[in-house]
Amino acid sequence: MANPNKKKVVLPVAPDKEAHGPVKHLYSKKIKLPYGVPGHGLTEKEREVAIDEPPPMPINEKLSVVGKRTKRADALYKVTGAAKYTADIQLPGMLYGKFLRSPHPHARIKSLDLSAAKRYPGVHAVHVLDMEPGGSVQLDGGHDASAETYNIDKLPLLRYVGQPIAAVAAESQNIADEAVKLIKIEYETLPFVLELDKARQKNAPVVFEEKIEEEISEGDVGVTAADKQQGNLRGPTTSSFLGGARGDVDKGFAEAEFILEKEFRTQVQTHCCLETHGVVADWQPDMLTVYSSTQNTAGVRDDLAELFDLPKSKVRVITEYMGGGFGSKFGAGHFGVMATILSRKTGRPVKLMLNREEEHLVAGNRPNSHQILKMGFRKDGKISAIDLTSYGTAGVALGAGVGRVAQDLYECPNFRMAQYDVFTHAGPGAAFRAPGNVQGIFALEQMIDEAAERLGMDPVKYRDIIDNHEVRKLERMKGAEAFGWKNKKPGSDPGPIKRGFGMAQGHWTRFINLNSSATVRINKDGSVAIMSSVQDIGTGTKTILAQVVAEELGLMAEDITVKIGDTLYPDGPGSGGSVTAGSITPAVRNAAYKAKMDLLGQVAGAWDVEVSDLEMKNGDVYSKSDSSKKMSFGEAVKKMRTNQIVATASRPDDYGGFEIGNGIGYGRLGSVQFAEVLVDTETGFIKVERVVAAHSCGRPLNPMQVESQINGGVIMGVGYALYEDRILDLNTGHMVNANLDQYKLPYAKEIPQIETVIIEHYGAFSSTDASGIGEPANIPTAGAIANAVYNAIGVRLYELPMTPQKVLAALGVS
Amino acid sequence: MNRFEYIKAPSIDEAIDMMDSTVPEAMVTRKDGSAKVVKAAGTDLLDLIKEGILEPGRVIDLKNIPGLDKLSYDKEKGLQFGPMVTIADLENSPEVKKHYRALYLAAAHAATPQIRNMATMGGNLMQRPRCWYFRSSAHHCRKKGGTTCFAQIGQNQFHAIFLTNVCPCVHPSSLATALVAYDGMVELTGPEGKRVIPLSEFFTPSEVDVTCENVANNQEIITNIMLPPVNEGTRAFYSKHGQRESYDWSMGDVAVVLQMDGKKCRDARIIFGAAAPIPLRREAAEAELKGKTISEKVVAKVAEKALEGATPLAHNAYKVPLFQTLLKRAVMEAVG
Ligand SMILES: Cc1cc2nc3c(=O)[nH]c(=O)nc-3n(C[C@H](O)[C@H](O)[C@H](O)COP(=O)(O)OP(=O)(O)OC[C@H]3O[C@@H](n4cnc5c(N)ncnc54)[C@H](O)[C@@H]3O)c2cc1C
Ligand code: SF4
């Protein structure tokens, strides 16, 4: 039976070079696209593309809507509360669900008595889940759901506090909450292990006796082989989709002028989605409709169709507004499956939203890490060898690698890595905003900083020597300028409060999801609509889609209606891996272009001119050769022979093809961040005063939204660097800070002044040439802050979060 | 959240009649859901109910009782305020700001602006500790009538460094730190009438009774909080240190109230918050300061004295240097 969480893969690709070759076009054409960075040697690149591709989109300066600061399409609805999130959905006759969850980190269920819960007034159904390893859900495996019986011997072992056991559906949330407490259950508790280091020891309690067959990549590194599992240790992973070991590492170290070897540790961070995970499932004879707080409507549909053996056409998943996912909201999830089961049992819609505590325990987290990084440096600063070993725990799940940054950020001929997953009795990890790479950068960028110091070089200039990425070089230059890097004098303050400056950089693979389709409709009344199952997870997808279509049709963004987040529409990509903008906007533009050509064809017929002579701009349709032939868009659509023009298009391959498989584009998205901090050497308190973040995301479609994403990434990075930490009680296995009071997110006073530098970079990759920004924005922040802290106090912190406790300890004060 | 009866008390006498339990008692010996407890703004009470660790049978709201939200200042009598005065009221009172600087600073740095607008001072003194085991329904710890202190053997980074033997939770009120430093008094009204006691005796350490934090009885309501007048030579300061600056509990806070004769310190109150299960007076440090002219050197000695006898737990040794620094800075600020 399928396992929905298994598909929680964030990246659009587990690149399969065999799957498809490059697409051949029956009719193609050559077009010249902008290439490079305006003001910095912008040129043109010729690409051979399919004949029906739209003409090259000029650089932003020459456009009217795309590239302009544009207000969010749904801003008003959000700030007035009119926007309906999954949590706001109310359906007639709706029931409310509540889970019974494991109170023990490791236990066997000895007996289970549902009778009192079932009898409780207002309860309509109780269901016991069959779980499988990895915290994921199997539907009805081993027992007959409709008969509401279960086989006690087949009930799963409980492996973490919060593991779902059963759930009730009742007429109100209050009734459900009370009823679930009436489920009587006896446990046989078993020894458990929570800590990364202890779980690796020989006689540690074992989380999974059986081999975990899953081979997943949470987007961090490659796929860990299932056969390499010993005790709680699984791995090592020695390669990613960017390749494996290269060169001769030992020789590289032998050639080094000096070698640095350091250990770094990072903590578990939880996603803290403002809207918790959850669904409203409505099982009807002709259609299963599920309102879901998800990053991937199409993915949830596919999971549910498979699990409940329904045709995809009979499953509809809707996500109109979404309150944050950060990688954790893929797949139907155990709550989605449970709500669907309960709805099927009761014939009523069932709402099942996690509460804040459950959100921390079971909805995913960024695994912790223990990284041992060894690097050799030549006299000239070039890196001669990198050897990385890492351990991390995603609890009962996989995917605790530390990413591809050591492998790929800097030039280095000799490289090897061994990344291990370690199972513990804790809630499952999930992809989290640049999975792995955020952990990896904290280590790598501190090492580079140390090397620069050893070499007596400025950290910015040093990176110019070892980093051959052209765009990132520009980011360093412009970022340093905005930051005033040259004039910064570190740590020289006489008092106990020291000021420091640091920088770090990162990169992110340019992922494309080819399952990105959209329809554009032009109606005879002049209204225009876009439709796709792609969801706006808060990043502003609706707005950029409206901008792209408006640009194509010569209209304004607010003239376009955007209907997305519904699987009745053509499939859009899941919003993860920073793929959305780069994947769906070319599809949308191409659909708009097709619709436009259809419309212009009809106008050209009426005017008796060539289609190629017609242009749509500023709300008008006109002939370029005959200025007397001009009318408004509103008049032009009246010439339509049908009430609607409908055009659908899908994301073609990148112009010029992919670097790997069917979705890994050429070029990496670079990012560079600079941080200024104050460190109180007597209290250990760190304050991040200012961050300058220099980024590129291809063509910035809406600079205002790019800034928003960067701001969010930096803020999340500040939280990761200084405050956030999932704290487990080692004696009971409970998370002691599973709330937003003692789990510390950065709030108003913790947020530094953030300045953004956006490099407008054209790679001639698609009809919009846009790329993502969500993840790149989060990668370098903690590294930059760590380097700034070192710069301030002259002592390096190798462990996150950098709390007052750790600062004082590092300074030898406590 | 359990179902309970909700009543608005029209007067203090009636409220006393309607109630029959303190919250601590309701959580330990009256868990049958019959306890009748009072509520002010509910910022703490409702949290306890929602967390499932308090299940009262009746909640008696004090907010309709007239006259409990008055604040007055008199040069001779000092400051006096009712239990329904909010933290924001203190923060916004020109008299408090002018004469009771440490209290003003404590008010201005507590919680968040939104909570300060709601949270009352009666409730603030009566609020329950924030120990994460205490707040978790999964941990039946000593304070809730159990036998184990999970913090002593577990995650205790934010716990006490003094009086750690029985229950090393820290007192959650950072306002109390300042109030105790001003030799504040509290008036309790019960069926037998009123009693007035110094706040330093109001708060009780866990050794006395681990299940509660103060001497209030089952049918007692705080009806007034009084601070003696300050004089020309009074110098005070308060500072609170949290992991974050916004919306955070204290990792350590310090209030100092000094009576100065010119440059010489005639008398001193030094109180530590978040150091012990009660706002903790540091008498040895006060004695060290008395009669001295304040200098960096003197203050360093005072800080050392103040931390004598600290018994930090496995994860909170950092609090020792933290308190030393906070105290040194607070004294210098007070006179500076
Ligand atoms: C996020 C957050 C941050 C906070 N940060 C701080 C901080 O930094 N410093 C700080 O000091 N506090 C802080 N607090 C605590 C807050 O100040 C208290 O919760 C508040 O003052 C309680 O007042 P209330 O009116 O809401 O009391 P309620 O919640 O209504 O009652 C609290 C308790 O007092 C009892 N009670 C109320 N009034 C009386 C009375 N007149 N007589 C007898 N018993 C009474 C109730 O029975 C109950 O046991 C914070 C709270 C939150 C939620
Ligand atoms: S410190 Fe006190 S409140 Fe916390 S677990 Fe121990 S006994 Fe309970």
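The model shown is predicted, which means the values in this text are computed figures rather than measured ones. Starting afresh in each chain, residues are numbered from 1 along the sequence in its written order. Here every chain gets a letter starting at A, and every ligand a number starting at 1, in the order they are written. Where totals are concerned, whole chains, interfaces and linings use all residues; where local detail is concerned, this predicted model gives features only for residues with pLDDT of at least 70, and gives and counts side-chain atom pairs only at 80 or more.

Engineer: Break down the nonpolar core for me, with residues and values.
Structural biologist: In this usage, the nonpolar core is the set of buried Ala, Val, Leu, Ile, Met, Phe, Trp, Tyr and Cys residues whose C-beta atoms join them within 7 Å. Any residue whose C-beta has 12 or fewer other C-beta atoms within 10 Å is treated as exposed, any with 20 or more as buried, and any in between as partly exposed, C-beta atoms being built from the backbone. Counting 313 residues, the largest nonpolar core has Val549 and Val789 of chain A together with Ala102 and Val256 of chain B as its most contacted members. Put simply, DSSP marks the helices as runs of H or I at least four residues long and the strands as runs of E at least two long, and each gets a number from the N terminus on. Element by element, the count of residues in this core is highest for helix 14 (residues 580-607) of chain A, at 13 residues. A pair of residues counts as a contact when their C-beta atoms, built from backbone coordinates, are within 7 Å of each other. Other than its neighbours up to four places away in sequence, Val256 of chain B contacts Ala181, Ala236, Phe237, Ala268, Arg269, Ile270, Ala330, Val331 and Ala334 of chain B.

Engineer: Which residues make up helix 17 (residues 781-793) of chain A, and what values go with them?
Structural biologist: All names here are of chain A. With 13 residues, helix 17 extends 19 Å from end C-alpha to end C-alpha; this agrees with the ideal 18 Å at 1.5 Å per step. Of all 13 residues in helix 17, 13 are buried, a share of seventy percent or more. After helix 17 finishes, the residue Gly794 shows a positive phi value of roughly 75°. Expected span, for any helix, means 1.5 Å times one less than how many residues it has.

Engineer: Help me get a handle on the sheet that holds strand 23 (residues 517-523) of chain A, residues and values and all.
Structural biologist: Residues and elements named next belong to chain A. Think of it this way: DSSP has to see at least two bridges between two strands before they count as a pair. The strand order 25-24-23-29 describes an open sheet built from 4 strands, whose pairing is mixed. With one partner strand each, in any of the chains shown, strand 25 (560-564) and strand 29 (644-650) form the two edges of the open sheet. Within this sheet the neighbouring strands show an average axis-to-axis angle of 15°, counted without direction. In this sheet, strand 25 lies alongside strand 24 (residues 528-532) in parallel orientation, the contact comprising 5 bridges. Of the residues in strand 25, the one forming a bridge with Ala529 is Thr561. For every element, the axis is a line fit to its C-alpha atoms; helices are fit only across the contacting stretch, and the angle between N-to-C directions ranges from 0 to 180 degrees. The sheet strands contacting helix 13 (residues 541-553) are strand 23, strand 24 and strand 25, and the helix crosses strand 25 at an angle near 135°.

Engineer: Break down the sheet that holds strand 3 (residues 58-61) of chain B for me, with residues and values.
Structural biologist: All names here are of chain B. Within the open sheet, the 3 strands sit side by side as 1-3-2. Their pairing is parallel. Single-partner strands in this sheet number two, and they are strand 1 (5-8) and strand 2 (36-39). This sheet shows a mean twist of 25° between the axes of neighbouring strands, independent of strand direction. As defined by bridge partners, strand 2 adjoins strand 3 across 4 bridges and the pair is classed as parallel. Of the residues in strand 3, the one forming a bridge with Lys36 is Arg58.

Engineer: Let's hear about the environment of Arg108 of chain A: which residues, and what values?
Structural biologist: Along the chain, Arg108 of chain A turns up in strand 4 (residues 107-113). Along the chain, Arg108 of chain A and Asp380 of chain A lie 272 residues apart, while their C-alpha atoms are 60 Å from each other.

Engineer: I'd like a rundown of the site of ligand 1, residues and numbers included.
Structural biologist: Being near a molecule or strand means, for a residue, that its backbone-placed C-beta atom lies within 6 Å of it. Close contacts around ligand 1 come from 34 residues, with Ala40, Ala41, Gly122, Gly123 and Met126 of chain B the closest. Among the chains of the assembly, those with residues near ligand 1 are chains A and B. Going through the elements one at a time, strand 2, helix 8 (121-126) and strand 8 (221-227) of chain B are the ones with two or more residues in the shell around ligand 1. Top element by residues in the shell around ligand 1 is helix 8 of chain B. It accounts for 4 residues. When residues are grouped by polarity, Ala, Val, Leu, Ile, Met, Phe, Trp, Tyr, Cys and Pro land in nonpolar, Asp, Glu, Lys and Arg in charged, and all others, Gly among them, in polar. In terms of residue class, the shell around ligand 1 is made up of 21 nonpolar, 10 polar and 3 charged. Domain assignment of the residues forming the shell around ligand 1 places at least three in each of domain 1 (1-62) and domain 2 (234-335) of chain B. Domain boundaries shown here were taken from an automatic or database domain assignment.

Engineer: Which residues make up the site of ligand 2, and what are the values?
Structural biologist: Neighbouring ligand 2 are 13 residues, the closest being Cys131, Phe134, Cys141, Cys149 and Cys167 of chain B. The class makeup of the residues in the shell around ligand 2 is 11 nonpolar, no polar and 2 charged.

Engineer: Describe the pairing of strand 14 (residues 278-284) of chain A, and please don't skip the residues or the numbers.
Structural biologist: Residues and elements named next belong to chain A. For strand 14, the tally of buried residues reaches 6 of 7 residues, placing the bulk of the element in the interior. Looking at chain direction, strand 14 and strand 17 (residues 350-353) are connected through 4 bridges and run antiparallel. Bridging from a neighbouring strand, Ala281 pairs with Val350 of strand 17. In this sheet, strand 15 (residues 287-292) lies alongside strand 14 in antiparallel orientation, the contact comprising 6 bridges. The partner of Trp283 across the bridge, within strand 15, is Leu288. If you look at the hairpin formed by strand 14 and strand 15, you'll find 2 residues sitting between the two strands.

Engineer: Help me get a handle on the interface of chain A and chain B, residues and values and all.
Structural biologist: Taken together, the contact pairs 27 residues of chain A with 22 residues of chain B. Its residues placed into classes, the side of chain A that touches chain B shows 12 nonpolar, 10 polar and 5 charged.

Engineer: Mind laying out the domain arrangement of chain A, listing which residues take part and the relevant values?
Structural biologist: Residue and element names in this part refer to chain A. Assigned domains of chain A: these are domain 1 (69-83 + 513-650) and domain 2 (86-191 + 277-353). When each unit is reduced to the centre of its C-alpha atoms, the spacing between domain 1 and domain 2 is 39 Å. At the junction of the two partners, domain 1 supplies 15 residues and domain 2 supplies 19 residues.

Engineer: Summarise the confidence of the model for chain B; cite the residues concerned and give the values.
Structural biologist: What pLDDT reports is the predictor's confidence in each residue, on a scale of 0 through 100. Of the residues in chain B, 100% have a pLDDT of 70 or more, and the chain-wide mean is 97. As scored by the predictor, the complex reaches a pTM of 0.96 and an ipTM of 0.96.

Engineer: How would you explain the environment of Ala254 of chain A if you had to name every residue and give the values?
Structural biologist: Assignment of secondary structure puts Ala254 of chain A in helix 5 (residues 249-254). Spatially, the C-alpha atom of Ala254 of chain A lies 43 Å from that of Asn513 of chain A, the residues being 259 residues apart in sequence.

Engineer: Requested: an account of the pairing of strand 9 (residues 184-189) of chain A, with residues and values cited.
Structural biologist: All names here are of chain A. By the criterion of burial, strand 9 is predominantly exposed, with just 0 of the 6 residues buried. Pairing analysis gives 6 bridges linking strand 4 to strand 9, with the strands arranged antiparallel. Looking at the pairing, Ile109 lines up with Tyr187 of strand 9.

Engineer: Report on the packing of helix 11 (residues 459-466) of chain A against helix 12 (residues 470-483) of chain A, specifying residues and quantitative values.
Structural biologist: Two quantities define a packed helix pair, namely the angle between the axes and the distance from one axis to the other. Residues and elements named next belong to chain A. Running from N to C, helix 11 and helix 12 point in directions that differ by 170°, and their axes come no closer than 10 Å. In terms of axis orientation, helix 11 runs roughly antiparallel to helix 12. Of helix 12, the residues touching helix 11 (which contributes Val460, Arg463 and Asp464) are Lys473, Arg476 and Ala480. Of the residues in the contact of helix 11 with helix 12, the class split is 2 nonpolar, no polar and 4 charged. In this scheme, roughly parallel covers angles under 35 degrees and roughly antiparallel covers those over 145, while 65 to 115 is roughly perpendicular and the rest are oblique.

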